[in-house]
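Listed below, chain by chain, are the residues.
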Amino acid sequence: MSLRGLGGDWRVGSLIGEGGQGSVFRLDPVNRETAGDGSTMTAPEALAIKWYHERSANRHQREAIARLIARGTPGSMFLWPLALVEHSGVDGFGYVMPLRADEHRPIGELLLGRVEASPRLALTLCIGLAHAFLLLHVEGLCYRDISFGNVFFDPATGTPMICDNDNVGVDGDSFSAVLGTRKFMAPEVIRGEAMPSAQSDLHSLAVLLFYVLARHHPLIGRLESRWRGKTGEEEMLGTHPLFIFDPSDDRNRPDEATQPAPIARWARLPRSLKVLFEQSFTTGLHDPSRRVRESVWRATLTQLLDSLHRCGWCGEENLTEGGASTRCVACRRHLDPPVRLRSERCTLTLNDGTVLTAHHVHHNYDLATGIGRVVHDETRNRWGLRNLSAGAWRLERVGRAPIIVQPGQAASLLRDAELIIDRTRFVFEASR
């Protein structure tokens, strides 16, 4: 088939997967279109096509896909529809989207332990999810069906990839082909009192974040033994939802014998994160306006990412509040006093290999662009911050001449020294 604007001709390849709405096939390039100057047009290396089953190929779905294509993707983490496709002599339609990269794994593999997830990876994934849904909601859209099946991630970087975006709609639009996946649906949607919206997305997002960080559903505790089947699930998730760690009601606490894992993981979470989960699954269960916003999740999770403190004895990453000294969760030894890099807008706890990102300099939530990296000079037993950027830094100390740190060079981590990077001033802090 020829897809004008997407680089020429493409051939339908192997079946990737099937769902309730349609089937997804791989598209492989046959040739490349050329631009007016004779150069090859930029196009994805591989695409995919979703072809709708007859029962799903209705006018409402077609119009919804057309609107999404016209709007364009909110961000690179969405496998967004690129073009509508119809075929001569064949009823129905489909749409083309980028093909998910092989390295992206289903988020369910992380929860099942098939992909190892460090605290850094888990936090980075959660930040990416909060950021993605913030971008979506800012444009007046809602996702409607956040679930395990729709979220993938890169296990090397923690970057999320969100699929099945054909059910995305305008927030407040009454028509929706789907209501969601039950374990992620907001209580009011399960009860039939509301349609999916940006507010119900916030509940689904909180459930997904809880799954990543606690590896358990926030509303399924010991009361599960009382409620069985579809009716019981409606009671637990919709009619009478109760947070498993509700601070004022312990009836649904996880069972210590059969559900010990969420108890242990909850105990390790910093208080700032527990507060947000408590808000999400207490007042937020019953009042959608009280749910935690994506921007709040993103800010809190980023602060915790910057506060990770690696144990000098066993190498375990520890979640802390601001890098505060505590016992290692793995070996139970006391953590060494942290060294921090502080600016007016953030505080970064420094460990061997810690990366100073564009976010720390520009406060733009760009966690992928490295500006500097903590390095160790074993010969002199000195720690430094290597300049990974294209510009020079300025290192200042009272009573000393300033030092210019060129790209590739390292600035020594000297207590009370000030480092100026692109007009942002950082101070090194170390316990005396």
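Residues numbered from 1 in each chain as written. Predicted model: local features only at pLDDT ≥ 70, side-chain atom pairs only at ≥ 80, totals over all residues. Heavy atoms only, no water.

### Re the environment of L285
Next, step 1: Structurally, the position occupied by L285 is in helix 9 (residues 283–286).
Next, step 2: Through-space distance from the C-alpha of L285 to that of L242 is 8.5 Å; in sequence the pair is 43 residues apart.
Next, step 3: Among residues more than four places away in sequence, those in contact with L285 are P187, E188, H203, L219, P241, L242, F243, S280 and R291. (Helix = DSSP H or I, 4+ residues; strand = E, 2+ residues; numbered from the N terminus. Contact = heavy atoms within 4.5 Å.)

### Overview of the layout of surface pockets
Next, step 1: There is about 720 Å³ of room inside the largest pocket.
Next, step 2: Around the largest pocket, the lining comprises 32 residues; the ones closest to its centre are T124, T157, T159, L367 and A368.
Next, step 3: Of all the secondary-structure elements, those providing two or more residues to the lining of the largest pocket are helix 3 (119–138), strand 10 (160–162), helix 10 (294–306), strand 16 (355–357) and strand 17 (370–377).
Next, step 4: Sorting elements by how many residues they give to the lining of the largest pocket places helix 3 first, with 6 residues.
Next, step 5: Its residues assigned to classes, the lining of the largest pocket comprises 13 nonpolar, 14 polar and 5 charged. (1 Å grid on protein atoms, 1.4 Å probe; cavity = no way out; pocket = protein on both sides within 12 Å on 5 of 7 lines; lining within 4 Å. Points joined across faces, edges and corners; volume = space filled by probe spheres on them. Nonpolar A, V, L, I, M, F, W, Y, C, P; charged D, E, K, R; others polar.)

### Brief notes about the pattern of salt bridges
If charged atoms from side chains of opposite charge come close, those side chains can pair.
Next, step 1: According to the stated counting rule, one finds 18 salt bridges in the structure shown.
Next, step 2: Note that E86 and R62 form a salt bridge whose closest N and O atoms lie 3.2 Å from each other. With E86 in strand 5 (residues 83–87) and R62 in helix 1 (residues 59–71), this pair connects stretches of sequence that are 24 residues apart.
Next, step 3: Here R62 falls in the partly exposed class, since its relative accessible area comes to 32%. (Salt bridge = Lys/Arg side-chain N within 4 Å of Asp/Glu carboxyl O. Buried < 20%, exposed > 50% of the residue type's maximum accessible area, 1.4 Å probe, protein only.)

### Quick look at the packing of aromatic side chains
Next, step 1: Tallied over the entire structure, the rule returns 19 aromatic pairs.
Next, step 2: Where F243 meets F245, the ring centres are 6.0 Å apart and the plane angle is 80 degrees; that geometry is what we call edge-to-face. Accessibility assignment for this pair places F243 and F245 in one class, buried.
Next, step 3: A centroid spacing of 4.6 Å and a plane angle of 5 degrees characterise the contact between F245 and W266, whose relative ring orientation is stacked. Here W266 lies in helix 7 (residues 260–268) and F245 lies in the loop between helix 6 (229–239) and helix 7, a separation of 21 residues in the sequence. Each of the two residues, F245 as well as W266, counts as buried.
Next, step 4: Through successive ring pairs, a cluster of aromatic residues spans F210, F243, F245, W266, F277, F281 and W297.
Next, step 5: We note R333 situated over the ring of W313; from NZ or CZ to the ring centre the distance is 4.1 Å. (Phe/Tyr/Trp six-rings, centres within 6.5 Å; stacked < 30°, edge-to-face > 60°. Lys NZ or Arg CZ within 6 Å of the ring centre and 35° of its normal.)

### Some details on the side chain of H104
Next, step 1: Position of H104 among the secondary structure elements: in the loop between strand 6 (90–98) and strand 7 (105–106).
Next, step 2: For H104, a relative accessible area of 8% gives the class buried.

### Notes on the packing of helix 5 (residues 198–214) against helix 10
Next, step 1: With their axes 11 Å apart at the nearest point, helix 5 and helix 10 run at an angle of 25 degrees to one another. As summarised for this structure, helix 5 and helix 10 are arranged roughly parallel, according to the angle between their axes. Note on element contacts: helix 10 touches helix 5 through E294, W297 and L301, opposite L202, L205, A206, L209 and L213.
Next, step 2: Broken down by class, the residue content of the contact of helix 5 with helix 10 amounts to 7 nonpolar, no polar and 1 charged. (Axes fitted to C-alpha atoms, helices over the stretch in contact; angles between N-to-C directions. Parallel < 35°, antiparallel > 145°, perpendicular 65-115°, else oblique.)

### Some points on the sheet that holds strand 23 (residues 424–430)
Next, step 1: Read from one edge of the open sheet, 6 strands run 15-14-23-22-19-20, paired in antiparallel fashion. Strand pairing shows two members of the sheet lacking a second neighbour, strand 15 (347–350) and strand 20 (403–405), which therefore form its edges. Taking each pair of neighbouring strands and ignoring which way they run, the sheet shows an average axis angle of 25 degrees.
Next, step 2: Pairing of strand 19 (residues 393–396) with strand 22 (residues 418–421) involves 3 bridges; the strand directions are antiparallel. The residue bridging E396 from the neighbouring strand is E418, located in strand 22. (Pairing = 2+ DSSP bridges.)

### Here's the deal with the nonpolar core
Next, step 1: F210, L213, F277, W297 and L301 are the most contacted members of the largest nonpolar core, which totals 61 residues.
Next, step 2: Contributions of two or more residues to this core are made by helix 2 (107–111), helix 3, strand 9 (151–153), helix 4 (187–190), helix 5, helix 6, helix 8 (271–280) and helix 10.
Next, step 3: Of all the elements, helix 3 adds the most residues to this core, at 11 residues.
Next, step 4: In contact with L213, not counting residues within four places along its chain, are A122, L123, C126, R265, L269, L273, F277 and L301.
Next, step 5: Counting 19 residues, the second largest nonpolar core, distinct from the first, contains L341, L350, I371 and V374. (Core = buried A, V, L, I, M, F, W, Y, C linked by side-chain atoms within 4.5 Å.)

### Regarding the environment of M185
Next, step 1: Looking at where M185 falls in the secondary structure, it is placed in the loop between strand 11 (169–170) and helix 4.
Next, step 2: Separated by 17 residues in the primary sequence, M185 and L202 place their C-alpha atoms 9.9 Å from one another.
Next, step 3: When residues no more than four places from it in sequence are discounted, the contact partners of M185 are L179, G180, I190, H203 and S204.

### Regarding the confidence of the model for the protein chain
Next, step 1: Of the residues in the protein chain, 92% have a pLDDT of 70 or more, and the chain-wide mean is 89.
Next, step 2: When the criterion is pLDDT under 50, residues 34–42 qualifies, and its contacts beyond four places in sequence or with other chains add up to 10 contacts. (pLDDT = per-residue confidence, 0-100.)

### Quick look at the pairing of strand 4 (residues 47–52)
Next, step 1: With respect to burial, strand 4 is a largely interior element, 5 of its 6 residues being buried.
Next, step 2: The pairing of strand 3 (residues 22–29) with strand 4 spans 6 bridges and is antiparallel. Residue pairing across strands places G22 opposite Y52, the latter belonging to strand 4.

### Considerations on the state of the cysteines
Linking two cysteines covalently via their sulfur atoms produces the bond known as a disulfide.
Next, step 1: Tallied over the full model, the rule gives 0 disulfides.
Next, step 2: Summary of cysteine pairing: C328 is not part of a disulfide, and the nearest cysteine sulfur, belonging to C314, is at 3.6 Å.
Next, step 3: Judged by its relative accessible area of 0%, C328 falls in the buried class. (Disulfide = S-S within 2.5 Å.)

### A short note on the environment of A368
Next, step 1: Of note, A368 is situated in the loop between helix 11 (358–362) and strand 17.
Next, step 2: Classification of A368 by relative accessible area gives exposed; the value is 75%.
Next, step 3: Counting along the chain gives 308 residues from A368 to H60, while the straight-line C-alpha distance between them is 38 Å.

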